[in-house]
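Structural overview
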Amino acid sequence: GTAPAGPATQVPENPADRRSLDDAVQLGRVRGTCEEIPAIALVAAVMSVFAAWALSSKGALDWVFMWLAAQLGVVALRLYLALLCKARLSGTIPARRWAMGFNGLITLAGVLWAYVPIALGRIDGLEGVVVVGFVVAIPVFGMLSHRYLAAGAIGLALGFLGTYSVYLVVFSDVPGHLELATGCAVYALAISLVSLRIQKASVALLAAQYRSERVIEELQRTKAMADSASRAKTEFLANVSHELRTPLTVVLGMTQLLGLTSLDSEQRESVDMIERSGESLLALINQLLDLSRSDAERIDGASAEFDVRATVAAIRLQLAQNVHAKGLEFAVRVADAVPQRLRGDEARLRQVLRYLCDNAIKFTTSGRIELAVDPANEPALGDKIVLRFSVSDTGIGMDRNALAGAFEPFFQADGSAARRYGGTGLGLAISQRLVRLMGGALSVHSEPGKGSVFSFTGAFFNCARAASSAPAPEVGSRPSLPHGLSARALLVEDDPVNALVSSSMLSQIVDTV
């Protein structure tokens, strides 16, 4: 048989941390007592003067004045200890030794307070009521005013009630003195137990407070370390991406130049494969850099005036070759109600639309892709107009499980999708973060086998200007000079390899580089 399961094993607390916490709690108890002493001392002084005035009617003024001087002296010493402790509470003063001295003064004060009922003498009639009330009030006051130091409250109660009880048993012969002495002893025990409970609750509260402060400090340190690590990661990726992109750009440029030379079919196929692989690697590097920047919210954005129709037309032009290679239809639709000229962050908008369109092309094997821009069904924000951008396709679509993780970095619905369609699963994650930085939210509606629709909204300033007279670029256009004209280009480049590639490519367009 198997042994019965025991209680869950708990990780033992570090003894050093335990001692540190105990020291902090002890110091906190002393600090709390020091903060309360001035008010307590004032009340004790007022009560002492009032008691001396009440005792003055009994005669023996010399004894009354001596008692008052002693009582005020004890109050002054307690106040001095509190002020000294406040001035040196940074740990240079021993908390436990200070507490012992302070508790001794409290006990002495209790012994002095016992003089009041002793001097009143009688315990019957009106004076008896005053004596009983005094006997009850002094320990309660000590208990409530020394919640962090139960020893002080117990010392006050024992000093006061113990002295008075001894007097009743040994020296008093008034009726009921033994019963009152017994009641004082029981009352002192009750006060001691309640004081210990109050101190236990106060110490537990202090310990919880210090633990919370330590947890907060640890969380702040952890957050600072995480922020530092994130910044280091961002800087590392930025540096690495730059170092990778520079030689990769050279490789792509030289590959393109090689493609312009006389090659047989096998050689041209190899060159095309090198170019496609290099472009895929460059796209991956750019995505990793965008992801890192979006994590740190460091993607620079600039507001500028732009033509939204020209923007979507340029995206269609950039993707024309990929769309044509897969035999897809790529439609662009901009509603008539959309202004021609807007002001906003065109770079982020273009990047998001490019990612969404790339994603649609990747997962669509046949059918149609549409990029649409419409006014959103939302109220205008002052001079801004809210537009809804959507990219729809007739691709493979996504089920609920895939939708749940669609915007997570490196997410793929399954391993076969990554092998069949390629990609890293970064495009949608970057798009969502870019849209969030623009103040919007990216949403998706998809059904397996029917396609997907990605949409988001953005607010832009309506420039209210006439449409640009410049025609949108045509698909398949190439940069060239007007017939009969020649030109020279000045190229400044610090890298010899880049200079060679750039000059070779420029020489295809201009006469002299």
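Throughout this description, residue numbers start from 1 for each chain and increase along the sequence as written. Given that the model is predicted, a residue must reach a pLDDT of at least 70 before its local features are reported, and side-chain atom pairs must reach 80 or more before they are shown or counted; all residues, however, enter totals for whole chains, interfaces and linings. Only hydrogens and water are removed before side-chain values are computed, so all heavy atoms of the structure are retained for them.

**Points about the packing of aromatic side chains**
Defined as follows: The criterion for an aromatic pair is that two Phe, Tyr or Trp rings (for Trp, the six-membered ring) have centres within 6.5 Å, with stacked assigned to planes under 30 degrees apart, edge-to-face to planes over 60 apart and tilted to the rest. Helix numbering and strand numbering both begin at the N terminus, where a helix is a DSSP run of H or I of at least 4 residues and a strand a DSSP run of E of at least 2. Relative accessibility thresholds used throughout: buried, under 20% of the residue-type maximum; exposed, over 50%; partly exposed, between the two (1.4 Å probe, protein chains only).
Summed over all chains, the structure comprises 8 aromatic pairs. Both rings, one in F50 and one in W53, keep their centres 5.9 Å apart while their planes meet at 35°; by these two values the pair is tilted. Of this pair, F50 and W53 are both found in helix 1 (residues 15-55), 3 residues apart, which corresponds to roughly one turn of the helix. In this structure, F50 and W53 share a single accessibility class: exposed. Judged by centre distance (6.0 Å) and plane angle (75°), the ring pair of F389 and F460 falls under edge-to-face. Here F460 lies in strand 7 (residues 451-462) and F389 lies in strand 5 (residues 384-393), a separation of 71 residues in the sequence. Assigned by exposure class, F389 and F460 land together as buried. Clustering of aromatic rings is evident, with ring pairs tying together F306, F389, F456 and F460.

**Structural notes on the pairing of strand 4 (residues 368-375)**
Two faces make up the sheet, and in a regular strand the side chains alternate between them. Keep this limit in mind: Any two strands with at least two DSSP-identified bridges between them are counted as paired.
As judged from the 6 bridges shared by strand 2 (residues 329-334) and strand 4, these two strands associate in the parallel manner. Opposite A331, over in strand 4, you have E370 as the bridge partner. Judged from the 7 bridges that link them, strand 4 and strand 5 form a sheet pairing that is antiparallel. Within strand 5, the residue paired with E370 across the bridge is S392.

**Overview of the environment of V74**
Stated formally: Note on definitions: a residue-residue contact is assigned when non-hydrogen atoms from the two residues lie within 4.5 Å.
The residue V74 is located in helix 2 (residues 61-87) in this model. Beyond its immediate sequence surroundings of up to four residues, V74 is in contact with L105, L108, A109 and L112.

**As for the nonpolar core**
Operational definition: Among the buried residues, those of types Ala, Val, Leu, Ile, Met, Phe, Trp, Tyr and Cys that are joined through side-chain atoms within 4.5 Å form a nonpolar core.
Ranked by internal contacts, the top residues of the largest apolar core, which has 43 residues, are W67, W98, W113, V116, F160 and Y164. Of all the elements in the fold, those that place two or more residues in this core are helix 1, helix 2, helix 3 (95-113), helix 4 (115-120), helix 5 (125-145), helix 6 (150-170) and helix 7 (177-259). The leading source of residues in this core is helix 3, at 8 residues.

**What to know about the side chain of S390**
Positionally, S390 belongs in strand 5. In this view, S390 contacts E370, L371, A372, V453, F454 and S455; residues no more than four positions away in its chain are not counted.

**Things to note about the confidence of the model for the chain**
Short version of the rule: pLDDT is a per-residue confidence score from the predictor, ranging from 0 to 100.
Confidence in the prediction of the chain, expressed as mean pLDDT, is 77, and 77% of residues score 70 or more. Averaged over each element, pLDDT in the chain is lowest for helix 13 (residues 415-421) (54) and highest for strand 4 (91). Confidence over residues 1-13 falls short of pLDDT 50; this stretch has 2 contacts with residues more than four positions distant or in other chains. Note on residues 472-479: pLDDT under 50 across the span, and 9 contacts to partners over four residues away in sequence or across chains.

**Let's talk about the pattern of salt bridges**
Selection rule: Here, a salt bridge means any side-chain nitrogen of Lys or Arg that lies within 4 Å of a carboxyl oxygen of Asp or Glu.
Scanning the entire structure with this criterion turns up 12 salt bridges. As a salt-bridge pair, R333 and D374 come within 2.8 Å of each other at their nearest N and O atoms. Of the two residues, R333 sits in strand 2 while D374 sits in strand 4, which places them 41 residues apart along the sequence. Here the salt bridges share partners, and the residues they tie into one network are E329, R333, R368, E370 and D374.

**Let's talk about the packing of helix 9 (residues 308-318) against helix 11 (residues 346-362)**
Condition: Note on method: axes are straight lines fitted to C-alpha atoms, helices fitted across the in-contact stretch only, with angles between N-to-C directions ranging 0 to 180 degrees. Working definition: roughly parallel below 35 degrees, roughly antiparallel above 145 degrees, roughly perpendicular at 65 to 115 degrees, and oblique for all remaining angles. Whether a crossing is left-handed or right-handed is set by the direction in which the near helix is turned from the far one by less than a right angle, anticlockwise for left-handed and clockwise for right-handed. Put simply, Ala, Val, Leu, Ile, Met, Phe, Trp, Tyr, Cys and Pro go in the nonpolar bin, Asp, Glu, Lys and Arg in the charged bin, and everything else, Gly too, in the polar bin.
Across the interface, helix 9 lies against helix 11 with an axial gap of 10 Å and an inter-helix angle of 40°. Between helix 9 and helix 11, the interaxial angle falls into the category oblique. Taken as a pair, helix 9 and helix 11 cross one another with a handedness that is right-handed. Between helix 9 and helix 11, the contacting residues are T311, V312, A314, I315 and Q318 on the first element and E346, R350, L353, R354 and C357 on the second. Taken together, the residues that form the contact of helix 9 with helix 11 break down as 5 nonpolar, 2 polar and 3 charged.

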